[in-house]
Each structure stands twice: as C-alpha cells, then as structure tokens.
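# Analysis of the macromolecular model
Below, each chain spelled out in residue letters.
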Amino acid sequence: MALIKEETAVLKNYINGEWVDAKGTDTMDVPNPATGETIVKVPISSIEDVNLAVKAANEAFKTWKKTPVPKRARILYKYHYLLTENHEKLAKLIVEENGKAYKEAYGEVQRGIECVEFAAGAPTLMMGETLSNIAEDIDSQMFRYPHGVVGGITPFNFPMMVPLWMFPLAIACGNTFVLKPSERTPILSNELVKLFTEAGAPKGVLNVVHGAHDVVNGLLDHEDVKAISFVGSQPVAKYVYERAAGKGKRVQALSGAKNHHIVMPDADLDKAIANIISSTFGSAGQRCMACSAVVVVGDGKAFVSKLKEKADELIIGSGMNEEVLLTPVIRDSHRQKVLSYIDAGIEEGATLLRDGRKEMDEIEKGTFLGPTIFDHVKPDMTIAKDEIFAPVLSLLRAEDLDEGLDYIRKSRYGNGATIYTKDARAVRQFREEADAGMLGINIGVPATMAFFPFSGWKDSFYGDLHVNGKDGVNFYTRKKMITSRFDY
C-alpha cells in the first residue's frame, strides 16, 4: 500500500509558513517506478508562485539574518533529531517515489542527516578572521554575511540528500531559501519541510515551489534571488549557470559525469567486481558518481568473465525486496532514451556482452532494464562519451595505466574515477594524473562526506565554489573587511 493515502491528491507548495495550492493549474502524475501506480500529482507552478515564495523569503531574511548564529544552530540540532527519528519513513518514501533499493535509500537518508550535522556547526563555520597591526596601529577583520534569498534546484535521483546539501547550510549561514524539487520526486521535499518547520524554523525561511521550466526560470531571473545552487544534467547545468550568472547571481551548478574505473592486472578481482557491480547497477545507474566505464588494463579475460557472471546473478525488482540491487529507472521516457544508446553501441561496433533488454519482457510492470554490458568499446563511441545515467556499462581495453589515464583525460567530464590495484606506484600516478575531482583507491563510489567539497571538474561542474565543506560556507556567505586605526 502506498505511503501517500490519496493517490490522486495534488501536492501543495509551502510559502511563508503555509501549505498553499499552486496558482498554476496544470499537474503531472508521480508514479511509483516499480509499479507504474500513480502516487500523487505534482503541480506545475507558475511565475506567480515563484514571486510569492521569493517575496516571503525576502521578507523573512530581514529578521533571519539578525538571528544569532547559535540560535540557528539549535534549530538544526532539533532538525537532526527529527530526521533521525523518521529515518525509516523517509527511506521508504524514497523507495516509493524514486524506486531505488531500500538499503540505498536508507544510506541516502544517512548522508542527508550528515549534511545537517555539518551545518549545525554554524557558530564555528561562520567565524571570520582578524589580524592586528597590519600596519602601525591598524587592525584588520573579516566578517561573514549572508547573501539574502537563495534558490535551490534539485534532481530526481537523490530526493533527500541533494536538498540537504543545500538549504540547511544556506539557512545556517543566515540566508533564506526557495527550493524547487524535481517534479519526478517531489514528495520527500514536502516531508523535509514539515520536519524543518517542526524543528522551529520561522515562516518564510524555507519555501518550496513545485513545477518545471517556469519555476526554474523564475528563480534564475528574479532580482531578489542572490544565489542559485543546482544539480542536474549537463545541458541544463550549463544553461542554469549561464543564465543566472548573466543576471549577476552567484552560481554552483553540478552537472553530468562519465566515471572511469581502472582495473589493473594485480587487482583483487572479486573485490573489484563487487565494487563495480554495486557502483554501476545500484540506484539503476542513476547517480553522478556511478561507474559507467571500466578500463581493463592487460588481458582482462578473467575479469570480464567474472563480471558477466556476477551481473547475471543480480536480482531485479522492487526496492523493498532486501535481495534486490537493480531497481527500475525513473520513467519509461528515460528508458527509451537508454534503449537508443544501446542501439547506438551495437551500430558503432561494440560487443554487447550482456543485453539487459531481455528483462523488460520478463517484468510486466514498472520501468525496469536489466544490467547491460558492452565490451571492446572505443573511446570515440557514443556510449563511451555520453552520460547514459542507467545500468549500462562500457568496457574499454588498455595496454597500460598511461593509456587508461589518457581515456580519463580525454573525457569531457571529470566528476570521479577509481583505480583497483595493490601497487603503490600505480596509486600515486593515478592520484597525480587522473583528471577528475574525486578519486577512489579500491572504492566503488568515491563520494565525499559533507565536511569536504563535492569536487567535480570540467563539464561536471560550472562555478567556482562546490557544495559542502568550506566551499559551501564560502558559497553561501560574502565577506566584509573592516580596517581600523586606533591612534586617535
């Protein structure tokens, strides 16, 4: 039974401390990807809805910016407690609207909670710097101040973690926030807002406006929105960055990825394959840190054989089944796009080692696609270059580590990369030469904790300051310098 009781209910926006109907009249169905059953409808809000939310946030900012930082932190402590108390419920909501496995959803909730833990350190994070006697009888001080209203635009694949990358830290730093969740996974954001309000957040500090293009453009263009944080696909990230930056806003736009895992001849194959299987097929491959290309150095026959064997053993189905790793992709429209990539891989001459399309015929409901593996992929093939965002893996062959690193260098993306080896020299060379912002050594998903920046490079990121860590604090604050003379 669905956690949301009224399947045809239309979600509401949250503006100025109240749940309100959207001014826009259009709606979109939100189905459970595993069953196709409609859970709720999401409103396609209008520019008027955006304007109301920004107005509320701008008014709340006048008071919130003056709220003592320890008081802001105490609200986040309470929020942390409430999220922890609702851990299981939140994980089940993620499974229902996103489709991912419960174990992964539970882990996502934990990663989100860790973001709140970091933001609750606001009294320390917001500290400035001072230096006396920069010249005779002159001192200098730096203070941090919030920007004002911040807009956050989040994707479907991490409906809890990504919003919590954004608004807790932004609000801890004294900003107010307007959140535009993905219209594909909007339910959890409303639950996050309910708990934040219960934690004591004043009205107008956090607002949610559901919708699509009009809401995004409304936030990018509004003169009272001073900063934009975005996570999504590369074309949209570039668009968001250019349009918002062109309006003079501070922008961080996290983009696509094509993450390469290099398997060296000395790697522990069983451990490497376990990591690759989990990284590639967990969350149905719909995450920007997923392994989507494996560079096999050397002969590779044993590796390829074992990899296919383990892929064949994967159990596919609903995320609430504890034995399931591979769950459905988010929508059939996305699955159709992935099928076109599979066709392109075949047409361009890659070897289809495992065809995940056969599972589509075996599972009647839901938007499932089985594990798909291409071998002998060339770097100039479409499946080797594009982000497919699905349970599709490309195997490239390399004679040595230098050639493998060259594949990474030539990729337009630079989110993450991993090497599997016991050789310290190979590790050091990989660390120094791999052209990506987050590297793993014998780790399947080298994503950072909340106190470090999520450090994508190249077309995987647009902006200067990343989410999380010190970068996040710097993004959500501006510095004011005071120089004082005391010889009067």
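Described below are features of the structure shown in this document. (Residues numbered from 1 in each chain as written. Predicted model: local features only at pLDDT ≥ 70, side-chain atom pairs only at ≥ 80, totals over all residues. Heavy atoms only, no water.)

## With respect to a nonpolar patch on the surface
Convention followed: A patch consists of residues whose relative accessible area exceeds 30% and which take part in no salt bridge; residues with like charges are grouped when within 9 Å of each other, and nonpolar side chains (Val, Leu, Ile, Met, Phe, Trp, Tyr) when within 5 Å. Areas reported here follow the Shrake-Rupley algorithm with a probe of radius 1.4 Å; residue values treat only the protein chains shown as occluding. The salt bridge criterion pairs a side-chain nitrogen of Lys or Arg with a carboxyl oxygen of Asp or Glu, the two atoms within 4 Å. A simple rule labels every residue: compare its accessible area, found with a 1.4 Å probe on the protein chains alone, to the largest value its type can have, and call it buried under 20%, exposed over 50%, or partly exposed in between.
Judged by side-chain polarity, M449, F451 and F452 come together as a nonpolar surface patch covering roughly 300 Å² of accessible area. Using a relative accessible area of 47% as the deciding quantity, one classes F451 as partly exposed.

## A short note on the sheet that holds strand β12 (residues 259-263)
Filter applied, for reference: Pairing between two strands is assigned when DSSP locates at least 2 bridges connecting them. Note on conventions: DSSP H or I runs of at least 4 residues are helices, E runs of at least 2 residues are strands, and numbering of each starts at the N terminus. Note on geometry: axes are lines fitted to C-alpha atoms, helical ones only across the stretch in contact, with angles between N-to-C directions running from 0 to 180 degrees. Contacts between residues were defined by any pair of non-hydrogen atoms, one from each residue, lying within 4.5 Å.
Overall, mixed pairing links the 7 strands, which are arranged β14-β15-β16-β13-β12-β18-β19 in an open sheet. Both edges of this open sheet fall to β14 (351-354) and β19 (438-441), since each of them pairs with a single strand only. Each strand axis lies, on average, 25 degrees off the axis of its neighbour in the sheet, ignoring direction. Bridge count between β12 and strand β13 (residues 291-297): 5 bridges; the pairing is parallel. When the sheet's bridge partners are listed, H260 is paired in β13 with A293. Relative to the sheet, helix α16 (residues 424-433) contacts β12, β18 (416-420) and β19, its axis offset from that of β19 by approximately 170 degrees.

## Digging into the pairing of strand β11 (residues 250-254)
To keep it simple, the criterion reads: Whether a crossover is right-handed comes down to one check: with the strands pointing away from the viewer, does the path from the first strand over the helix to the second run clockwise; if it does, it is right-handed.
Most of β11 is tucked away, with 4 of its 5 residues classed as buried. Taking the sense of rotation as the criterion, the β-α-β connection linking strand β10 (residues 225-231), helix α9 (residues 234-246) and β11 turns out right-handed. Pairing of β11 with strand β21 (residues 461-463), which is carried by 3 bridges, proceeds in the antiparallel orientation. Bridge pairing in β21 links Q252 to G463.

## Comments concerning the sheet that holds strand β5 (residues 129-135)
Here 3 strands make up an open sheet; going across it, the order is β5-β6-β22 and the pairing antiparallel. With partners counted over all chains shown, the strands left at the sheet margins are β5 and β22 (477-485), one partner each. When strand polarity is set aside, the average angle formed by the axes of neighbouring strands in this sheet is 25 degrees.

## What about the nonpolar core?
Put simply, the test is: Residues grouped as a nonpolar core are buried Ala, Val, Leu, Ile, Met, Phe, Trp, Tyr and Cys residues, joined through side-chain atoms within 4.5 Å.
Within the largest apolar cluster, 70 residues are counted, with the highest numbers of intra-cluster contacts made by Y79, L83, M160, W165 and F177. It is helix α6 (residues 161-172) that provides the largest number of residues to this core, a total of 10 residues. Ignoring any residue separated from it by four or fewer positions in sequence, one finds F177 in contact with V150, G151, G152, M166, F167, A170, I171, V205, L206, N207 and Y476. Ranked by size, the runner-up nonpolar core spans 31 residues in total, among them M264, A384, A426 and A434.

## What to know about the pattern of salt bridges
If charged atoms from side chains of opposite charge come close, those side chains can pair. Counting across every chain of the model gives 26 salt bridges. Residue D312 pairs with R354 through a salt bridge whose shortest N-O separation is 2.7 Å. Taken together, the residues D312 in helix α11 (residues 301-312) and R354 in strand β14 connect sequence positions 42 residues apart. The exposure class of D312 is partly exposed, given its relative accessible area of 38%. R354 gets classed as buried once you look at its relative accessible area, which sits at 4%. Here R431 and E432 are joined by a salt bridge, their closest N and O atoms 2.8 Å apart. Looking at R431, the relative accessible area reads 47%, which means it is partly exposed. Looking at E432, the relative accessible area reads 48%, which means it is partly exposed. Within this structure, K308, D312, R354, K358 and E359 form a network of salt bridges that share partners.

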